[in-house]
Amino acid sequence: MYKKEFKKQEMYAFIVSCLSSKYKPYTYCKRHNMNYGVYRYWLAKYKLDQSITISKEKDSLAKKSNFIPLEVISESSISSSMEIQYPNGVFLRLNSAISTNELRNLINILSCSD
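As the structure is a computational prediction, the values presented were derived from the model and not from experiment. (Residues numbered from 1 in each chain as written. Predicted model: local features only at pLDDT ≥ 70, side-chain atom pairs only at ≥ 80, totals over all residues. Heavy atoms only, no water.)

A. Geometry of the nonpolar core. Counting residues in each nonpolar core, the largest one holds eleven residues, listed as M11, Y12, F14, I15, C18, Y28, C29, Y39, W42, L43 and Y46. The set of elements that each furnish at least two residues to this core consists of helix 1 (3-20), helix 2 (25-31) and helix 3 (36-63). It is helix 1 that contributes the most residues to this core, five residues altogether. Beyond its immediate sequence surroundings of up to four residues, C29 is in contact with F14, M34, Y36 and Y39. Counting five residues, the second-largest nonpolar core is a separate cluster that includes I84, L92, L94 and I98. (Core = buried A, V, L, I, M, F, W, Y, C linked by side-chain atoms within 4.5 Å. Buried < 20%, exposed > 50% of the residue type's maximum accessible area, 1.4 Å probe, protein only. Helix = DSSP H or I, 4+ residues; strand = E, 2+ residues; numbered from the N terminus. Contact = heavy atoms within 4.5 Å.)

B. The packing of aromatic side chains, seen in detail. All told, the structure shown has seven aromatic pairs when counted by the stated rule. With 5.2 Å between their ring centres and 55° between their planes, F14 and Y28 make a pair best called tilted. With F14 in helix 1 and Y28 in helix 2, this pair connects stretches of sequence that are 14 residues apart. The pair F14 / Y28 is uniform in exposure class, with both members buried. Linked through ring pairs, F14, Y26, Y28, Y36 and Y39 together constitute an aromatic cluster. Positioned above the aromatic ring of W42 is the side chain of K45, whose terminal nitrogen or guanidinium carbon lies 5.8 Å from the ring centre. (Phe/Tyr/Trp six-rings, centres within 6.5 Å; stacked < 30°, edge-to-face > 60°. Lys NZ or Arg CZ within 6 Å of the ring centre and 35° of its normal.)

See below:
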């Protein structure tokens, strides 16, 4: 492991420990012989990393589909009526029997036309 990455891990651990302690940051730093300015520098980096992580998580959640996964257990036909509503308002109504392959193809076609 690179020395820089090791330092980062040490400082982030110190920050988490400080934030979860009952002491104020200045007091906590003083009790652990840490320069308060150094602590503030690493705290800013820590907060930036945390906000980037949260932003990436929000992006990945936003990119997730609103569809419920459809699991095909066997290659057969679906004989009852079915309705699928896409987030853009398009409905797919099936009133007669359809093979699972045909259903899969319809879903794929409509998913691409968004």
